[in-house]
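Structure assessment
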Amino acid sequence: MANVIVGLALLAFWLYCLFDVITTPAEYIRGLPKGVWVLITAVPAIGGVLWLLAGRPPLAPAVPDEQAEEPPPAPRGPDDDPEFLRNLERRLRDDD
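Here the residue index of a chain counts from 1 through its sequence in written order. In keeping with the predicted nature of the model, local features appear solely for residues at pLDDT of at least 70, side-chain atom pairs appear and are counted solely at 80 or more, and the whole-chain, interface and lining totals rest on all residues. The basis for every side-chain value is the complete set of heavy atoms in the structure, and neither hydrogens nor water enter the calculation.

**Quick look at the overall build of the protein chain**
- Across its full length, the protein chain holds four helices and zero strands.
- To qualify as a helix, a DSSP run of H or I must reach at least 4 residues; to qualify as a strand, a run of E must reach at least 2; elements of each kind are numbered from the N terminus. Counting from the amino terminus, the protein chain carries its helices and strands in the arrangement α-α-α-α.
- Burial classes: relative accessible area under 20% of the type maximum marks a residue as buried, over 50% as exposed, and values in between as partly exposed (1.4 Å probe, protein chains only). When burial is assessed residue by residue, the protein chain has 12% of its 96 residues classed as buried.
- Nonlocal contacts in the protein chain, meaning residues at least 24 apart in sequence, comprise 45% of its contacts between residues at least 6 apart.
- Accessibility throughout is a Shrake-Rupley quantity obtained with a 1.4 Å probe, and a residue counts as covered only by protein chains that appear here. Accessible surface for the protein chain amounts to roughly 8,000 Å². Of this, 66% is attributable to carbon and sulfur atoms. Note on contacts: a residue pair is in contact if any heavy atoms of the two residues lie within 4.5 Å.

**Things to note about the pattern of salt bridges**
- Here a salt bridge means any side-chain nitrogen of Lys or Arg lying within 4 Å of a carboxyl oxygen belonging to Asp or Glu. Inspection of every chain in the model, using the stated rule, returns two salt bridges.
- Ionic pairing is found between Asp-20 and Arg-56, a salt bridge with its closest N-O pair at 2.5 Å. Highlighted residues: Asp-20 in helix 1 (residues 2–23) and Arg-56 in the loop between helix 3 (44–55) and helix 4 (82–95), separated in sequence by 36 residues.
- Across the pair Glu-83 and Arg-86 runs a salt bridge, and its minimum N-O distance is 2.9 Å. Pair noted here: Glu-83 and Arg-86 are both in helix 4, with a separation of three residues, about one helical turn.

**Quick notes on the side chain of Thr-24**
- Inspection of the secondary structure assignment puts Thr-24 in the loop between helix 1 and helix 2 (34–41).
- For Thr-24, a relative accessible area of 7% puts it in the buried group.

**Some words on a nonpolar patch on the surface**
- Each patch is built from residues lacking any salt bridge and having more than 30% relative accessible area; the joining distance is 9 Å for like charges and 5 Å for nonpolar side chains (Val, Leu, Ile, Met, Phe, Trp, Tyr). Together, Val-4, Leu-8, Leu-11, Leu-15, Phe-19 and Ile-22 line one region of the surface with nonpolar side chains, adding up to about 540 Å² of accessible area.
- Position of Leu-8 relative to the elements: it lies in helix 1.
- For Leu-8, a relative accessible area of 51% puts it in the exposed group.

**Observations regarding helix 3**
- With 12 residues, helix 3 extends 16 Å from end C-alpha to end C-alpha; this agrees with the ideal 16 Å at 1.5 Å per step.
- Of the positions making up helix 3, those classed as buried are Gly-47, Gly-48, Trp-51 and Gly-55. Axial view of helix 3: buried residues confined to an arc of 100°, hence all on one face. Exposed side chains of helix 3 directed beyond 90 degrees from the buried face belong to Ile-46 and Leu-53.
- Looking at the buried positions of helix 3, the neighbouring elements they touch are helix 1 and helix 2. Expected helix span is given by 1.5 Å per residue-to-residue step, counting one fewer step than there are residues. For this quantity, the arc is that covered by the directions from the helix axis to the C-beta atoms.

**Points about the side chain of Asp-20**
- Note on Asp-20: relative accessible area 12%, which makes it buried.
- Discounting residues that sit within four places of it in the chain, Asp-20 has contacts with Trp-51 and Arg-56.

Right, here's the structure in full:
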């Protein structure tokens, strides 16, 4: 049973690394050309480790950019809009 679990974990790791190589744009890959990295990751365990250590692009820092735009304001519901409530009250009075 333990062999099956280890085998499935290695298979999942290998597939993750292979798909990561394939979906990473070529200009972000470090060291070798993309085709070579695909061949290297074809070797199940060792190729994936090599990809993660030497070929995968570094992660972007989590620090927000100072020039980043502010997100647009969140939509407001009609009951949060004072102008809508005033118009609603006027329409209700006019219907009477």
